[in-house]
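Geometric and topological summary
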Amino acid sequence: MTENPVKWLALVLTSGLLLNIVLSTKTQLPKKTYIVQMDKSAMPNSFSNHLEWYSSKVQSVLTKQESTETDHEDDQRVIYSYQTAFHGVAARLSEEEAQRLEEEDGVLAIFPETKYELHTTRSPLFLGLDPVQDTAGVWSQRLSDHDVIVGVLDTGIWPESESFNDTGMSPVPARWKGACETGRGFTKRHCNRKIVGARMFYRGYESATGKINPQDEYKSPRDQDGHGTHTAATVAGSPVKGANLLGYAYGTARGMAPGARVAAYKVCWVGGCFSSDILSAVDRAVADGVNVLSISLGGGVSSYYRDSLSVAAFGAMEMGVFVSGSAGNGGPDPVSLTNVSPWITTVGASTMDRDFPATVGLGNGRTFSGVSLYKGRRTLESRQYPVVYMGSNSTTPDPGSLCLEGTVERRKVAGKIVICDRGISPRVQKGQVVKDAGGVGMILTNTAANGEELVADSHLIPAVAVGEAEAREIKRYALSNPKATASLAFLGTRLGIRPSPVVAAFSSRGPNFLTLEILKPDLVAPGVNILAAWTGDLGPSSLPTDRRRVKFNILSGTSMSCPHVSGIAALLKARHPDWSPAAIKSALMTTAYVHDNTLHPLKDASTADPSNPYDHGAGHVNPRKALDPGLVYDIEPQDYFEFLCTQNLTPAQLKVFAKYSNRACRHTLAGPADLNYPAISVVFPEKTNVSVLSVRRTVTNVGPPASNYHLAVSPFRGALVKVEPQALNFTGAGQKLSYKVTFRTKSRQTGPEFGDLVWKNGVHKVRSPIAITWLPPM
């Protein structure tokens with residue numbers, strides 16, 4: 001969800017004053033987890049297996065004790081070994097030991113442990129996936145659907161949910177090598193033909209935070225958080241009639257690929273998600289045989305070779321696994337993306353055409369619209385209640401207006417509706433604070449950071465969320481009238497909202513500052529007010545004080561949009577089992593749409609202005625069109641490696657990605673913009689004498705053998721665009737044809753300029769977004 005506070009994890013290590021103290025037999029250097037990547041091919045013949053060699057390397061750098069006492073910890077130094085998408089170990093080391101190990105032969109890289117955060121149904125109908133009207137056979141429930149397995153890296157799974165019913169599913173494919181791990185609340189019987197695997201990864205987490213208390217959380221694949229169950233059901237949930245949250249969003253819930261299977265990999269715990277655990281899960285999932293990996297997590301951005309998840313995802317891609325990741329919830333700030341590697345499909349969030357309206361009626365006769373998922377015995381509609389605001393009427397909140405714990409005085413709010421600004425603490429927690437102080441209701445007000453975007457929540461107190469413009473008027477009334485009053489009304493579920501979709505304000509934005517020539521995010525998908533299965537261990541607000549239990553919950557975040565794309569990728573994999581991850585990504589991107597249901601360009605919820613490819617990528621996912629894209633931009637693993645060869649990496653840094661096939665740079669790309677990506681982004685350098693740039697693309701015909709495409713390209717203020725050739729005439733299925741795009745500056749622009757390039761043949765429109773950037777002159 002969008003406003004969970006960062007749960008800072010303080011690992012206190014007492015090492016004394018190391019400058020003046022000589023290490024004694026009792027002194028232990030502080031240790032933390034490091035991920036050690038090894039060159040698998042460099043193992044000496046004297047070792048019988050790789051783990052033995054990896055462990056020997058770790059042992060060789062351990063700090064020697066001055067006494068004969070055994071350091072029992074040394075036996076526990078290696079906590080994971082990686083053997084499939086990644087090669088090496090995770091080990092507990094002191095900083096000094098890690099530095100020594102980095103110098104050892106055969107060691108490719110060392111990654112310090114990183115903490116990741118979770119990026120937290122109407123959507124099938126909204127996406128055109130209605131089985132009643134499924135004339136295209138998208139949901140034909142062929143047995144081939146049942147062969148596709150999606151690995152979901154998250155908080156685990158609640159197996160009793162009806163969304164994981166396996167009725168009518170064929171036996172688990174013989175190729176599947178996964179397992180059903182057991183622990184508290186989870187037995188072998190909890191896996192079935194829908195949940196084909198369930199594993200947990202916690203050694204990195206325990207190394208950083210201490211042992212998991214099995215009384216406080218399930219040390220098993222069972223999900224007590226709810227996030228993992230929600231994402232897994234969004235990917236591949238079986239149809240459930242009458243699904244709803246407290247009466248809201250009533251209908252049939254189903255995942256994007258209801259015939260696909262789910263393998264749950266629990267990598268997130270109460271204190272967060274750690275990279276060594278995530279890496280082990282990716283490694284294990286690829287070995288188990290997943291076709292798609294859905295990762296609704298993010299941990300900031302570092303260089304490609306320093307990002308262990310990026311390196312592992314590269315290994316997964318090499319083995320034919322499609323990897324989708326959430327863009328993050330850092331919007332509307334620019335350059336806020338995570339998961340930006342070109343071999344990961346980066347998914348932003350958008351709204352749907354469903355809303356949950358509520359109103360605020362002021363004592364002066366004015367009524368303001370908002371949203372809410374409140375459902376309780378007490379409503380505040382029948383009469384006016386005193387309303388109070390403890391801040392000032394500015395667009396930026398002050399501490400008194402945020403309704404944080406310990407800041408709301410009973411004498412000021414008892415019996416009143418309290419106006420609370422968004423920010424710092426979770427939205428639902430503000431209502432709990434008001435309730436504890438004796439308030440009867442809450443008006444949750446957007447600030448400049450949120451604009452007019454409205455996210456509905458399952459509040460524990462009558463509460464309505466309103467946009468910034470409404471908030472300003474309501475606060476002005478409350479501050480200027482000592483006898484201000486208000487009523488709150490809750491109007492249920494409304495469909496057919498226009499305009500929709502809209503790019504969510506919280507959805508993280510580009511550009512991709514690691515490589516401007518790789519346009520990110522890749523696309524957007526539904527991520528606001530998504531109904532899906534929920535844990536039986538937590539109330540819908542996720543607050544510990546919430547005693548309600550529900551089978552479905554409504555959440556918002558790019559965590560919700562990512563599994564939509566993962567599920568649609570599973571549909572594509574079922575229909576086109578020979579397609580590469582890059583071909584699937586291309587189909588998703590080139591068929592995405594950029595107009596809403598009013599036929600106007602997609603809007604940005606934070607500004608109400610048209611969004612651009614830094615906000616929505618190639619556009620909004622369109623599953624029906626993606627199944628038959630006409631042409632695809634395919635990318636081989638070596639091509640991705642050639643892209644890395646353009647990134648000024650050292651031979652040692654490149655070797656991090658060369659581990660499988662002993663890859664070497666063939667220098668087939670003139671620059672990063674020449675990667676055969678479905679989006680085109682060119683960057684004119686600071687030197688003003690560079691006025692012409694060219695990029696090349698190759699498309700593969702996946703439509704009728706005889707297909708003739710003609711070109712349409714946007715005009716640009718700052719550049720002339722020339723495409724050669726201007727027609728592509730295919731004579732066979734699988735045939736590849738190339739074209740060249742030349743950009744010639746006519747007027748350097750101060751900001752990026754956007755447009756698109758479209759190949760059309762009367763049936764298919766294969767669209768690539770274009771971004772042109774002129775760096776400021778030096």
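Note that the coordinates shown come from a computational prediction; the quantities given were computed from them, not determined experimentally. All chains use their own residue numbering, which begins from 1 and follows the written sequence. Restriction of local features to residues with pLDDT of at least 70 applies here, the model being predicted, together with a cutoff of 80 or more for giving and counting side-chain atom pairs; totals for whole chains, interfaces and linings are based on all residues. Derived side-chain values reflect all non-hydrogen atoms in the structure, with water molecules and hydrogen atoms excluded from consideration.

Regarding the UniProt feature "domain: Subtilisin-like protease fibronectin type-III" (unreviewed entry) in the protein chain
UniProt positions are given in the numbering used here, feature names are shortened, and annotations may be inferred rather than shown by experiment. The positions that UniProt labels "domain: Subtilisin-like protease fibronectin type-III" (unreviewed entry) are, in the present scheme, residues 674-772. Segments assigned H or I by DSSP are reported as helices when at least four residues long, segments assigned E as strands when at least two residues long, and all are numbered from the N terminus. Annotation note: span residues 674-772, helix share 0%, strand share 59%, distance between end C-alpha atoms 14 Å.

As for the environment of Leu460
Summarising the element assignment, Leu460 is placed in the loop between strand S22 (441-445) and strand S23 (463-466). Working definition: with a 1.4 Å probe on protein chains only, accessible area under 20% of the residue-type maximum means buried, over 50% means exposed, and in between means partly exposed. Taking relative accessible area as the criterion, Leu460 reaches 18% and is therefore assigned buried. Along the sequence, Leu460 and Leu538 sit 78 residues apart, while their C-alpha atoms lie 13 Å from each other. Among residues more than four places away in sequence, those in contact with Leu460 are Tyr374, Gln432, Lys435, Ser541, Leu543, Thr545, Asp546 and Arg548. A contact between two residues is defined here by any heavy atoms of the two lying within 4.5 Å.

Describing the packing of aromatic side chains
Two measures describe an aromatic ring pair: the distance that separates the ring centres and the angle between the ring planes. By convention, a stacked pair of Phe, Tyr or Trp rings (six-membered ring in the case of Trp) has centres within 6.5 Å and planes under 30 degrees apart, an edge-to-face pair has planes over 60 apart, and any other such pair is tilted. Inspection of the entire model under this criterion finds 21 aromatic pairs. On the basis of an interplanar angle of 45 degrees and a centroid distance of 5.7 Å, the ring pair of Trp53 and Tyr54 is categorised as tilted. Classification of Tyr54 as buried rests on a relative accessible area of 2%. Measuring from centroid to centroid gives 5.1 Å for Tyr739 and Trp759, while their planes differ by 65 degrees, and the two rings are edge-to-face. In this pair, Tyr739 sits in strand S37 (residues 736-745) while Trp759 sits in strand S38 (residues 753-760), placing the two residues 20 residues apart along the sequence. Taking relative accessible area as the criterion, Trp759 reaches 0% and is therefore assigned buried. By the ring-pair criterion, three or more aromatic residues cluster together here, those being Tyr80, Tyr82, Phe86, Phe111, Phe201 and Tyr265. Whether a charge lies above a ring is judged from NZ of Lys or CZ of Arg, which has to be within 6 Å of the ring centre and within 35 degrees of the ring normal. The positively charged end of Arg222 is found above the aromatic ring belonging to Tyr218, 5.9 Å away from the centroid.

Comments concerning the sheet that holds strand S11 (residues 268-269)
Taken in spatial order, the four strands make up an open sheet running S11-S12-S5-S14, and their pairing is antiparallel. In this open sheet, the two edge strands, each paired with only one partner strand, are S11 and strand S14 (297-298). Note: S11 against strand S12 (residues 272-274), two bridges, orientation antiparallel. Looking at the pairing, Trp269 lines up with Gly272 of S12. A pair of strands is considered paired only if DSSP assigns at least 2 bridges between the two.

Re helix H10 (residues 468-480)
Given a helix with a known number of residues, its expected span is that number minus one, times 1.5 Å. Compared with the 18 Å implied by 1.5 Å per residue over 13 residues, the 18 Å span of H10 between its first and last C-alpha is a close match. Of the positions making up H10, those classed as buried are Glu468, Ala471, Ile474, Lys475, Tyr477 and Ala478.

Points about the pattern of salt bridges
Pairing between side chains becomes possible if they bear opposite charge and their charged atoms approach one another. Salt bridges are counted wherever a side-chain nitrogen of Lys or Arg sits within 4 Å of a carboxyl oxygen of Asp or Glu. Within this structure, the stated rule accounts for 27 salt bridges. Across the salt bridge formed by Glu206 and Lys219, the nearest N and O atoms sit 2.9 Å from each other. One end of the pair, Glu206, is in helix H4 (residues 203-209); the other, Lys219, is in the loop between H4 and helix H5 (227-236), with 13 residues separating them in the sequence. A relative accessible area of 10% places Glu206 in the buried class. A salt bridge links Asp756 to Arg767, with the shortest nitrogen-to-oxygen separation between them at 3.8 Å. In this pair, Asp756 is assigned in strand S38 and Arg767 in strand S39 (residues 765-774), connecting sequence segments eleven residues apart. Shared partners join several salt bridges into a network, and the residues in it are Glu181, Arg199, Arg284 and Asp288.

Quick word on the domain arrangement of the protein chain
Here the protein chain is partitioned into domain 1 (32-62 + 74-111), domain 2 (122-353 + 501-627), domain 3 (357-492) and domain 4 (631-635 + 676-774). A straight line from the C-alpha centre of domain 1 to that of domain 3 covers 55 Å. What marks off one domain from the next here is an automatic or database domain assignment.

Notes on the packing of helix H7 (residues 308-318) against helix H15 (residues 637-645)
Fitting a line to C-alpha atoms yields each axis, with helices limited to the stretch in contact; the angle taken between N-to-C directions then spans 0 to 180 degrees. Axis separation between H7 and H15 bottoms out at 9 Å; the angle between their running directions is 150 degrees. Considering the angle they form, H7 stands roughly antiparallel to H15. Packed against H7, whose contacting residues are Phe314, Met317 and Glu318, the element H15 presents Pro637, Tyr640, Phe641 and Leu644 at the interface. Polarity classes work like this: nonpolar for Ala, Val, Leu, Ile, Met, Phe, Trp, Tyr, Cys and Pro, charged for Asp, Glu, Lys and Arg, and polar for all others, with Gly in that last group. Split into classes, the residues belonging to the contact of H7 with H15 amount to six nonpolar, no polar and one charged. Every angle not falling under 35 degrees, over 145, or within 65 to 115 is termed oblique; those three ranges are roughly parallel, roughly antiparallel and roughly perpendicular.

Digging into the nonpolar core
Grouping buried Ala, Val, Leu, Ile, Met, Phe, Trp, Tyr and Cys residues that are joined through side-chain atoms within 4.5 Å yields what is termed a nonpolar core. In terms of nonpolar packing, the biggest core is built from 99 residues, with Val360, Val387, Ile417, Ile443, Leu572 and Leu588 touching the most fellow members. When residues in this core are grouped by element, the largest group, eight residues, is from helix H11 (residues 558-575). Filtering out sequence-adjacent residues up to four positions away, Ile417 remains in contact with Leu380, Tyr385, Pro386, Val387, Val388, Val440, Gly441, Met442, Ile443, Ala486, Ser487 and Leu488.

Examining the state of the cysteines
Only a pair of cysteine sulfur atoms within 2.5 Å counts as a disulfide in this structure description. A complete count under the given rule lists four disulfides for this structure. Put simply, Cys180 and Cys191 are joined by a disulfide, and their sulfur atoms are 2.1 Å apart. On the sign convention where negative is left-handed, the bridge of Cys180 and Cys191, at about 90 degrees about the S-S bond, is right-handed. Of this pair, Cys180 sits in the loop between strand S6 (149-154) and strand S7 (195-200) while Cys191 sits in the loop between S6 and S7; the two residues are eleven residues apart in sequence, bridging distant segments of the chain. Comparing Cys180 with Cys191 shows no difference in burial state: the two are buried. Between the sulfur atoms of Cys268 and its disulfide partner Cys273 the distance amounts to 2.1 Å. On the sign convention where negative is left-handed, the bridge of Cys268 and Cys273, at about 110 degrees about the S-S bond, is right-handed. Considered together, Cys268 and Cys273 belong to a single accessibility category, that of buried residues. With its bonded cysteines labelled in order along the sequence, the protein chain shows the pairing 1-2, 3-4, 5-6, 7-8.

Re the side chain of Arg199
Mapping Arg199 onto the fold places it in strand S7. Here the side chain of Arg199 touches Asp288 through a polar contact of 2.9 Å, side chain to side chain. Contacts of Arg199, omitting those with residues within four sequence positions, involve Lys177, Gly178, Ala179, Glu181, Pro221, Ala264, Tyr265, Lys266, Arg284 and Asp288. Here a polar contact is taken to be a pair of N or O atoms separated by no more than 3.5 Å, where protein atoms must pair a possible hydrogen donor with a possible acceptor and residues adjacent in sequence count only if both atoms sit in side chains.

Let's talk about the environment of Tyr116
Following the sequence through the fold, Tyr116 ends up in strand S5 (residues 115-118). Under the relative-accessibility criterion, Tyr116 is labelled buried at 6%. Between the C-alpha atom of Tyr116 and that of Glu52, which follows or precedes it by 64 residues, the distance is 30 Å. If near-sequence neighbours (up to four positions away) are discounted, Tyr116 is found in contact with Gly272, Cys273, Ser275, Ile278, Leu297, Gly298, Gly299, Asp307, Ser308 and Leu309. Of the polar contacts made by the side chain of Tyr116, one reaches the side chain of Asp307; its length is 3.5 Å.

Observations concerning helix H1 (residues 50-60)
By the burial criterion, the buried members of H1 are Trp53, Tyr54, Lys57 and Val58. Buried residues of H1, seen end-on, are gathered within an arc of 140 degrees and therefore sit on one face of the element. For H1, the secondary structure elements touched by its buried residues are strand S1 (32-38), strand S2 (78-82), strand S3 (88-93) and helix H2 (95-102). Here the arc refers to the set of directions running from the helix axis out to each C-beta atom.

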